[in-house]
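The primary structure of each chain is shown beneath.
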Amino acid sequence: MDAEGQREHLKAYGITYWSLSQNQKVKWLLNYRGGSFLLPDSESLRRECKIRGISFEIISDSKTEQILAEIESPSQNMEAVILEKAPKVAVYTPDGSAPWDDAVTMVLEYAEIPYTKIYDKEVLADELILYDWLHLHHEDFTGQYGKFYGTYRATPWYIEEKQNAEALATELGFEKVSEEKLAVASKISDYVIGGGFMFAMCSATDSFDIALAAAGVDICEPMFDGDASDADYQSLINFERTFAFTDFTLERSPVQYEFSSIDTTPVRAINADTDYFSLKNFSAKWDPVPTMLCQNHTALVKGFMGQTTAYNPSEIKANVLILGENKTNGEARYIHGIKGKGFFTFYGGHDPEDYQHRVGDPKTELELHPTSPGYRLILNNILFPAAKKKQQKT
């Protein structure tokens, strides 16, 4: 999985998932040649690799022992983590959404990792317990329809999405979309606290925390829910309910394409050519979880924007790990934390290979980006629940 040895990094995760689904155990060699996978050799595996265009090497038992001994050495920042089973993957996304609307569904399709689409009905019916891993599509859990009102309120797609959301909320027994979305966010929160793995990108990250923090508080202006917001709602926000963010200030204007001060998009002073973020280097033996999530063939990842591009470090809770950051711009891009018995990862931006994705832009063709470091971070999270649980030392 290093830069020189692998020509299909993304599909390599898919073949690893396929091996796990065949009841084969896999070793993830953290920090060894870009985070390589050690799989049991078989004719069917070789055939699948060739069909999918994945680079692989066949090694002897003695060579395997030599590699594992090198990894085990205290002088090496490496670790061999056992992956035991293929996690059941759910993607929270509305009916009718195309796979290319969202980076995660796009890379799951490309890597050939199976997933199930679920949405509000399934979440509220407690179907999350059927899955090991949940991705949140670029959703707005605050009931403000993505804060697209200022620019797109007269467009047919915005009007239709608003009507559909209102109809669904009514069908599910709620008076407002904001109340229905809060109920969904609360169920997802319970899922993580109970031991689930949650991954979110773009606006699903901050809007999720904002919805939890604003439970019982009306933060929606009349054009969103038909009545006025609470007069001094900022003072009523409860940061204890959130996963990752604290002490943020909500954006009150309905025409501003922004939820809060969490997102650094409005104050970014960087151009596309120089926009990169760096992955932190953790101890593989002492902190295998963040090490797994940062496996890559480069420590420098090309930046990309979204409605929520990056996070203000001063508004990230002290117990949340920053995995990737742009130090020049003073922003966190990739963060991870523990909530109850479960884990969550938030990844800023919309599409790792589409720098400034806009409504209506053509889809990304991952065939053109088979070694994408930005997409590898997503796939690290998908395999993370497969790891044999081992007590974290720090």
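Our subject is the structure listed above.
So, how was this worked out
- Residues numbered from 1 in each chain as written.
- Predicted model: local features only at pLDDT ≥ 70, side-chain atom pairs only at ≥ 80, totals over all residues.
- Heavy atoms only, no water.
- Buried < 20%, exposed > 50% of the residue type's maximum accessible area, 1.4 Å probe, protein only.
- Helix = DSSP H or I, 4+ residues; strand = E, 2+ residues; numbered from the N terminus.
- Core = buried A, V, L, I, M, F, W, Y, C linked by side-chain atoms within 4.5 Å.
- Contact = heavy atoms within 4.5 Å.
- Polar contact = N/O pair within 3.5 Å; in protein donor to acceptor, adjacent residues only side chain to side chain.
- Pairing = 2+ DSSP bridges.
- Axes fitted to C-alpha atoms, helices over the stretch in contact; angles between N-to-C directions.

**Structural notes on helix α4 (residues 103–111)**
The periodicity of an α-helix, 3.6 residues per turn, causes residues three or four places apart in sequence to face the same way. Of all 9 residues in α4, 8 are buried, a share of seventy percent or more. A103, V104, T105, M106, V107, L108, Y110 and A111 are the residues of α4 that are buried. A positive phi of about 65 degrees marks E112, the residue just after α4.

**What about the nonpolar core?**
By size, the foremost hydrophobic cluster in this structure holds 58 residues, and its most contacted members are L83, M201, Y347 and I378. Apart from residues lying up to four places away in sequence, I378 is in contact with A103, V104, V107, F199, M201, Y347 and P352. Of all hydrophobic cores here, the second largest spans 45 residues; its members include L134, A200, A211 and I219.

**A short note on the environment of T242**
One can find T242 in the loop between α10 (222–225) and β8 (276–279). Separated by 52 residues in sequence, T242 and C294 have C-alpha atoms that sit 24 Å apart. Residue contacts for T242: discarding those within four places in its chain leaves D209, A213, F248, K317 and K339. Engagement of the side chain of T242 in a polar contact is seen with the backbone oxygen of F239, the distance being 2.9 Å.

**Remarks on the sheet that holds strand β3 (residues 79–83)**
Sheet architecture is open: 3 strands sit in the order β2-β1-β3, paired in antiparallel fashion. For this open sheet the edge positions go to β2 (36–38) and β3, each flanked by a neighbour on one side alone. Strand-to-strand, the axes of this sheet are offset by a mean angle of 30 degrees, without reference to chain direction. With 3 bridges joining them, strand β1 (residues 26–30) and β2 adopt antiparallel strand pairing. If you follow K27 over to β2, its bridge partner there is L38. The strands touched by helix α3 (residues 61–72) are β1, β2 and β3; relative to β1, the strand with the most contacts, the crossing angle is about 45 degrees.

**Quick notes on the sheet that holds β8**
Picture the strands of a sheet paired through backbone hydrogen bonds; they go either parallel or antiparallel. On the basis of which strands lie adjacent, the open sheet formed by 9 strands has the order β5-β4-β6-β7-β12-β11-β10-β8-β9 and mixed pairing. Across the chains shown, the open sheet's two edge strands, defined by having one partner strand only, are β5 (116–118) and β9 (300–302). The sheet shows a mean angle of 20 degrees between the axes of neighbouring strands, taken without regard to direction. Direction of pairing for strand β4 (residues 89–92) relative to β5: parallel, over a ladder of 3 bridges. Within β5, the position partnered with V91 by the bridge is K117. Lying on the sheet, helix α9 (residues 203–213) is in contact with β6 (133–136), β7 (197–201) and β12 (342–347); it crosses β7 at an angle near 115 degrees.

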